[in-house]
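# Examining the three-dimensional arrangement
As a plain string of letters, each chain reads:
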Amino acid sequence: DPFYAYVRSFLNYLAKFIKNEYDLKVAYYSGLNHLDHLPYAVAFDEAQFFDNGIVEVCRKLSEDGYRVIIAGLDMDFRCTPFGPMPALMAIADDIQKVHAVCVRCGAPAYVSHRLVAGESQVLLGETDKYEPICRHCYNEEMKKRQQTID
């Protein structure tokens, strides 16, 4: 069912919760086609958590004339590509990378550095589990960890 999603800017938008490719296709083929007024844009937040089915759905939405807006982390805490983000960036008409501020030095952040142990790519959390840091601070952190291991 539709609900109003509140984003960090405190604006709200009519939204629908989608958890997988099947839900995406159902929402597209049944939801959008039955609205009185078709939306100008379709937006996806936290797109790194979607499966690769989102790529084809976004391509189809774009071909059908919708503006597609996608937000998500392009890299995980290990600095490796995250989920479908590389493929989504490859088919994008425009990419605007927005960076958080490094909590250690104030430079543009490079990665969401994980503060707690664990190797699973997905660990939900905010400031209690992650901190945005720049490339320099990340490299310094990795050197410290390596020294601890040696």
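Please read these numbers as outputs of a predicted model, since none were measured by experiment. Throughout this document, residue positions are counted from 1 along each chain, in the order its sequence is written. Local features in this predicted model are restricted to residues whose pLDDT is 70 or higher, and side-chain atom pairs enter the listing and the counts only when it is 80 or higher, whereas totals over whole chains, interfaces and linings include all residues. As a rule here, side-chain values cover all heavy atoms of the structure and leave hydrogens and water aside.

### Things to note about the environment of Gly-72
To be explicit about the condition: What counts as a helix is a DSSP run of H or I of at least four residues, what counts as a strand is a run of E of at least two, and both are numbered from the N terminus. When checking whether two residues touch, look at their non-hydrogen atoms; a contact exists if any pair is within 4.5 Å.
Counting through the fold element by element, Gly-72 comes out in the loop between strand E4 (67–70) and helix H3 (85–91). Residues Gly-72 and Phe-82, 10 residues apart in the sequence, show an inter-C-alpha distance of 8.9 Å. When neighbours within four sequence positions are excluded, Gly-72 is seen to be in contact with Ala-47, Gln-48 and Met-85.

### Notes on the layout of surface pockets
Where we set the bar: Two kinds of site are reported from a 1 Å grid over the protein atoms alone, namely cavities, where a 1.4 Å probe fits but cannot get out, and pockets, open sets with protein on both sides within 12 Å along at least five of seven lines, and residues are called lining when an atom falls within 4 Å of a point. Grid points are joined across faces, edges and corners, and a volume is the space filled by probe spheres set on the points. Just so you know the grouping, Ala, Val, Leu, Ile, Met, Phe, Trp, Tyr, Cys and Pro go in nonpolar, Asp, Glu, Lys and Arg go in charged, and all remaining residues, Gly too, go in polar.
One number sums up the size of the second largest pocket: a volume of about 160 Å³. Around the second largest pocket, the lining residues are Phe-77, Arg-78, His-113, Arg-114, Val-116, Ala-117, Gly-118, Glu-119, Tyr-138, Met-142 and Arg-145. For the lining of the second largest pocket, the secondary structure elements donating two or more residues are strand E5 (111–114) and helix H4 (135–149). Classifying every residue of the lining of the second largest pocket gives 5 nonpolar, 2 polar and 4 charged.

### Observations concerning the pairing of strand E3 (residues 41–44)
Let me state the cut-off plainly: Residue exposure (1.4 Å probe, protein chains only): buried if accessible area is under 20% of the type maximum, exposed if over 50%, otherwise partly exposed. Only when DSSP finds a minimum of two bridges between them are two strands counted as paired. By convention a crossover is right-handed if, when the strands point away from the viewer, the path from the first strand over the helix to the second runs clockwise.
Burial of the side chains of E3 is restricted to one face: Val-42 and Phe-44 are buried, whereas none of Ala-41 and Ala-43 on the reverse face is. Where E3 meets E4, 4 bridges bridge the pair, whose relative direction is parallel. Directly across from Val-42, in E4, lies its bridge partner Val-68. The handedness of the E3 to E4 crossover, carried by helix H2 (residues 53–63), is right-handed.

### Side note on a nonpolar patch on the surface
As a reminder, the rule being used: Patch membership needs two things, relative accessible area over 30% and no salt bridge, and members are linked within 9 Å if like-charged or within 5 Å if nonpolar (Val, Leu, Ile, Met, Phe, Trp, Tyr). Reported accessibility uses the Shrake-Rupley method at a 1.4 Å probe radius. Residues are deemed covered only where the shown protein chains occlude them. Here, a salt bridge means any Lys or Arg side-chain nitrogen found within 4 Å of an Asp or Glu carboxyl oxygen.
On the surface, Phe-49, Val-122 and Leu-124 cluster together to form a nonpolar patch covering roughly 280 Å² of accessible area. With respect to the helices and strands, the residue Val-122 is situated in the loop between E5 and strand E6 (130–133).

### Regarding the pattern of salt bridges
Here the structure, examined in full by the defined rule, presents 10 salt bridges. Among the ionic pairs, Asp-74 bridges to Lys-97, the shortest N-O distance being 2.7 Å. In this pair, Asp-74 is assigned in the loop between E4 and H3 and Lys-97 in the loop between H3 and E5, connecting sequence segments 23 residues apart. What makes Lys-97 exposed here is its relative accessible area of 51%. A single salt-bridge network, built from bridges that share partners, covers Arg-104, Glu-131, Glu-141 and Arg-145.

### Quick notes on the nonpolar core
So the rule is basically this: Only buried residues count toward a nonpolar core. Its members are Ala, Val, Leu, Ile, Met, Phe, Trp, Tyr and Cys residues joined through side-chain atoms within 4.5 Å.
Grouped together as the largest cluster of nonpolar side chains are 15 residues, with contacts concentrated most on Leu-24, Phe-44, Ala-47, Phe-50, Ile-54, Leu-61 and Leu-88. Elements represented by at least two residues in this core include exactly helix H1 (21–31), E3, H2 and H3. Among the elements that take part in this core, H2 stands out by supplying 5 residues, more than any other. Ranked by size, the runner-up nonpolar core spans 8 residues in total, among them Cys-79, Ile-133, Cys-134 and Cys-137.

### Section: the environment of Gln-121
Along the chain, Gln-121 turns up in the loop between E5 and E6. Separated by 43 residues in the primary sequence, Gln-121 and Arg-78 have C-alpha atoms spaced 8.3 Å apart. Contact partners of Gln-121, with chain neighbours within four places excluded, come to Asp-76, Phe-77, Arg-78, Thr-80, Pro-81, Phe-82 and Arg-114.

The analysis is restricted to geometry; functional conclusions fall outside its scope.
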